[in-house]
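# Overview (structure and organization)
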Amino acid sequence: MEEAEKTFENEQYRKTYWHTCSHILAHALTRLYPDVKLAIGPSIDDGFYYDVEFSSSFSQDSLKDVEKEMRKICNEKLQLEHFELPREEAIKLMANQPYKLELIDGVPEGEAISFYRQGDFVDLCAGPHLDATNQVNGVGLKLTSCTGAYWRGDEHNKMLTRIYGVGFPTKDQLTAYITAKEEAKKRDHNKIGRELEYFTTVDYIGQGLPIILPKGARVIQVLQRWIEDTEQQHGYLLTKTPFMAKREMYKISGHWDHYRDGMFILGDPSDEKAECFALRPMTCPFQYQVYLNRERSYRDLPMKLNETSTLFRNEDSGEMHGLIRVRQFTISEGHVIIRPDQLEKEFKDCLDLAKYVLDTVGLLENCTFRFSQWDPANQNKYEGTPQQWEAAQAAMAKILDDLGLDYKIGFDEAAFYGPKLDIQYRNVYGKEDTIVTIQIDMLLAERYGMVYTGDDGEKKTPYIIHRTSLGCYERTLAYLLEAYAGSLPTWLAPEQVRVLSIKDSVASYAQGVVDKLAAQGVRVESDFSSNTLGYKIRNGQKEKVPYMVIIGEKDMENNTVSIRYRNGEDLGAMSFEEFAALIKGVIDAKEKK
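Here goes a summary of the coordinates provided. Each chain carries its own residue numbering, running from 1 in the written order of its sequence. At least 70 in pLDDT is required for a residue's local features to be given in this predicted model, at least 80 for side-chain atom pairs to be given and counted, and no such filter applies to totals for whole chains, interfaces and linings, which use all residues. Only hydrogens and water are removed before side-chain values are computed, so all heavy atoms of the structure are retained for them.

## With respect to empty space enclosed by the protein
Space inside and on the surface of the protein is sampled on a 1 Å grid over the protein atoms alone, with a cavity defined as a set of points where a 1.4 Å probe fits but cannot get out and a pocket as an open set with protein on both sides within 12 Å along at least 5 of 7 lines; lining residues have an atom within 4 Å of a point. Grid points are joined across faces, edges and corners, and a volume is the space filled by probe spheres set on the points. Applying the stated criterion across every chain, the model contains 2 cavities of 30 Å³ or more. Taken together, Y198, K215, G486, L488, A493, P494, E495, E543, K544, V545 and P546 make up the lining of the largest cavity. Residues are grouped as follows: Ala, Val, Leu, Ile, Met, Phe, Trp, Tyr, Cys and Pro are nonpolar; Asp, Glu, Lys and Arg are charged; every other residue, Gly included, is polar. Here the lining of the largest cavity is built from residues that sort into 6 nonpolar, 1 polar and 4 charged. One number sums up the size of the second largest cavity: a volume of about 40 Å³. Lining the second largest cavity are Q388, W389, A392, Y417, G418, M442 and L443. Partitioning the lining of the second largest cavity into residue classes produces 5 nonpolar, 2 polar and no charged.

What follows is the structure, encoded as structure tokens:
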């Protein structure tokens, strides 16, 4: 790497820096805990971690001692030296490290095994690394937490201790990072979503199965109705399909072979004579039956099918987080069945619709795009021939390049049946997940016998675009709560207006205001309690209610309402008609306030 490239703005350098930090962490642990068993220690999007097994207790309080030892190692200016060994010597070197031995066992026979040495510490590693430990600034190091993590992410394996950390070239950068993390904690949907009563979880119901409370359910309902109406305007036909199907359907699509471990299965999958069902992890094979309901002509295409689909995926327990990754979720799923000559236009239309939706809810500006491709060296993971994959990926690459879209390549991230454009979004902690996906499928239509009669009278096989407009509603709710710190835009807010009375004598007039707003479709609540006005206002602000309508005797006498916004801005007194027009304009325009 050139010297000019050694900057934290360069992702490759940043990842290399953090990878070296993970080795310094492991080195420090071996000094402080000589019998520690090391597993893996990669760089990640937001720092690094190392998974280890201790024979004695280790807790959050232990991190400071480890940090201190890490700084010593940085100051020792140890060179990082790369070397390789044949299998037998590698096994001998790692004889006391069972997790390393398991990793060595996975290296193909005859392939040299890579190590890095720094001083008296050696680790199994492919690299890359910095040249020396003093290239990591010790004062910019911070171990952030330690948690449990199953070896290789498998809950049937041993629970290890995962130590997370981060490192920066300067102390100021570390301070800025810590400040940003504190702000992230305040915005974490797991915190504010529970405090504002949008959702909750119950241990005896199960992990990844949140209870969406009335506020959260209202927001999701608003989003779903808007998406369904918007998709109808774009020519989509609404479907309603079963939540489960026999395994035979999933065998046709390939999901039974490629996705069975992620499915909830009802019955014995090993008994081929008995009926066996599975809850659906996707909607595509179900919607294909709509197309197959009768013969189709080239004039019928494109056929755009959409559904507000409830899906079920058996996520690993370690992967689940609040509303972002759950086992049951609802998605704005759709499939566009097309002639090959319609691919570019319809793909662009799907992307334009997704961008419009994400922009309207205020999430687009923080999105990135990933062109997810297959790995030809891992063909067991995918359906189709290399020629089919090359054709599909070339078609998508041309579309994306013609659109001038700025995207990254996601190698080995494709769906098992085709490449996809993933619209990625980071939560407040920097963890990236897919919020919307648009996929090109040139395989499954043939498997299900989907054909149409072309203009030449010949039977032809259509292509399919798998797409979402907004993706998972639960995940979107989480991102919205974080992006707006709980203060959702008025058009989305579960409670848009709260009417507050100053005295009992104005209660009847105030109730009339409530009734008129409700009649106009505004989501309005009231507080006519005996609490002080200041308390009522603070309560409304705490609950992030966009508008508070304050009714006093002067308002009743003058037939007005006094308006206060949730940020404390006093909009003063106005007629009811003026306020009704104001809030209707804000809601109809879907303003981001």
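## Quick word on the side chain of H129
By secondary structure assignment, the location of H129 is in the loop between β6 (121–124) and β7 (141–150). In this scheme, a residue with accessible area under 20% of its type's maximum is buried, one over 50% is exposed, and one in between is partly exposed, where area comes from a 1.4 Å probe on protein chains only. Taking relative accessible area as the criterion, H129 reaches 11% and is therefore assigned buried. Pairing of N or O atoms within 3.5 Å defines a polar contact, subject to two protein rules: one partner must be a possible hydrogen donor and the other a possible acceptor, and residues neighboring in sequence count only if both atoms are side-chain atoms. Within the local environment of H129, its side chain forms a polar contact with the side chain of T20, the two groups lying 3.1 Å apart. At 3.3 Å, the side chain of H129 and the side chain of H23 are in polar contact. Should any heavy atoms of two residues lie within 4.5 Å, those residues are counted as being in contact. If near-sequence neighbours (up to four positions away) are discounted, H129 is found in contact with T16, H19, T20, H23, L80 and Y116. Secondary structure elements are taken from DSSP: a helix is a run of H or I of four residues or more, a strand is a run of E of two residues or more, and numbering for both begins at the N terminus.

## Quick notes on the packing of helix α11 (residues 343–361) against helix α12 (residues 386–402)
It is the contact of α11 with α12, at a shortest axis distance of 10 Å, that shows an interaxial angle of 60°. With respect to α12, the element α11 is oriented oblique. Note on packing geometry: the crossing formed by α11 with α12 is right-handed. Here L343, E344 and F347 of α11 come into contact with α12, specifically with A395, M396, K398, I399, L400 and D402. Tallied by class, residues from the contact of α11 with α12 come to 6 nonpolar, no polar and 3 charged. To define axes, lines are fitted to C-alpha atoms, for helices over the stretch in contact only, and angles between the resulting N-to-C directions are given on a 0 to 180 degree scale. Each angle receives one of four descriptions, namely roughly parallel if under 35 degrees, roughly antiparallel if over 145, roughly perpendicular if within 65 to 115, and oblique otherwise. Crossing handedness is read from the near helix: turned anticlockwise from the far helix by less than a right angle, it gives a left-handed crossing, and turned clockwise, a right-handed one.

## A few points about the sheet that holds strand β18 (residues 408–411)
One open sheet accounts for 8 strands, arranged β11-β15-β16-β23-β20-β19-β17-β18; its pairing is mixed. Edge positions in the sheet fall to β11 (237–238) and β18, since each has one partner strand and no second. We treat two strands as partners when DSSP finds at least two bridges between them. Summarising the sheet, strand β19 (residues 420–426) and strand β20 (residues 432–441) pair through 7 bridges and their orientation is antiparallel. By the bridge assignment, I423 is partnered in β20 with V436. Packed onto the sheet, α12 meets β17 (367–373), β19 and β20 and runs at close to 155° relative to β17.

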